[in-house]
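# Breakdown of the fold
Read off the chains here:
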Amino acid sequence: MWQTPPVPIPYAATKVIKIRILCRIVKVLVNGSPVGFFGRSRGLRQGDPLSPLLFLLIIEVLSRILKKTKDSGLIWGFHVGPINSNGIRISHLLFTNDTILFCDASKEQLLSIRLALSCFQAFTNLNVHVGKSKVVPIGEVSNLHTLANILQCRVDSSPMKYLGMPFDTPSKIASIWTPILEMMEKKFSG
């Protein structure tokens, strides 16, 4: 089993987080003055400004587990860079609440992903929603349903888009970049 190095968080910050999560009494301010108190259940309110920070801290745990899995050679990811170069291997992408994992179509790599996700669930007491998860093959995969059963998720087909970009199209084809460039132009033009 791996040990993920702790994320250094200042003591004062952990104290504030603990108080925000565990405090069950809330003051009500009317025109800047406390008027009364009311109780609430444990946890953060929806829209609490602390929620994004806590999400980032938790998702960092998942990212480190997946990176360690890749660095240990249990999953391969995909190579970025010139063909005969060292380049880099990408095993996962995380954006807000979307996670995409890359591996070869092998039973061993999918079992490693399942183990990594199980470790994440054990460390954080959070659940991975396999009902929202899917396996998407890139190219021909003969035992696709068997592999999907390892992760207990459904099978989807290509073409698949992630953040507006198709995954099964070579990135050198100019037409796939057109909608992304148009969207960026609209944002920058105001």
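Reading the values: the criteria
- Residues numbered from 1 in each chain as written.
- Predicted model: local features only at pLDDT ≥ 70, side-chain atom pairs only at ≥ 80, totals over all residues.
- Heavy atoms only, no water.
- Helix = DSSP H or I, 4+ residues; strand = E, 2+ residues; numbered from the N terminus.
- Buried < 20%, exposed > 50% of the residue type's maximum accessible area, 1.4 Å probe, protein only.
- Patch = residues over 30% accessible without salt bridge, like charges linked within 9 Å, V, L, I, M, F, W, Y side chains within 5 Å.
- Areas by Shrake-Rupley, 256 points an atom, 1.4 Å probe, with all protein chains shown as cover.
- Salt bridge = Lys/Arg side-chain N within 4 Å of Asp/Glu carboxyl O.
- Pairing = 2+ DSSP bridges.

The protein chain appears in an unreviewed UniProt entry as Reverse transcriptase domain-containing protein from Lithocarpus litseifolius.

## Things to note about the environment of E140
If you trace the backbone, E140 turns up in the loop between β7 (134-135) and α4 (144-151). Overall, E140 belongs to the exposed group, its relative accessible area being 78%.

## A closer look at a nonpolar patch on the surface
Taken together, the side chains of V28, V30 and V35 make up a nonpolar region of the molecular surface, amounting to roughly 230 Å² of accessible area. For V30, the position within the fold is in strand β1 (residues 25-30). Residue class for V30 comes out partly exposed when judged on its relative accessible area of 42%.

## Observations concerning the pairing of strand β6 (residues 98-101)
Remark: a regular strand shows side chains that alternate across the two faces of the sheet. Here four bridges tie strand β5 (residues 92-95) to β6, and the two strands are oriented antiparallel to one another. Residue pairing for β6: L94 is matched across the bridge by T99. Hairpin connection from β5 to β6: two residues lie between these consecutive antiparallel strands, with T96 at a positive phi of about 45°.

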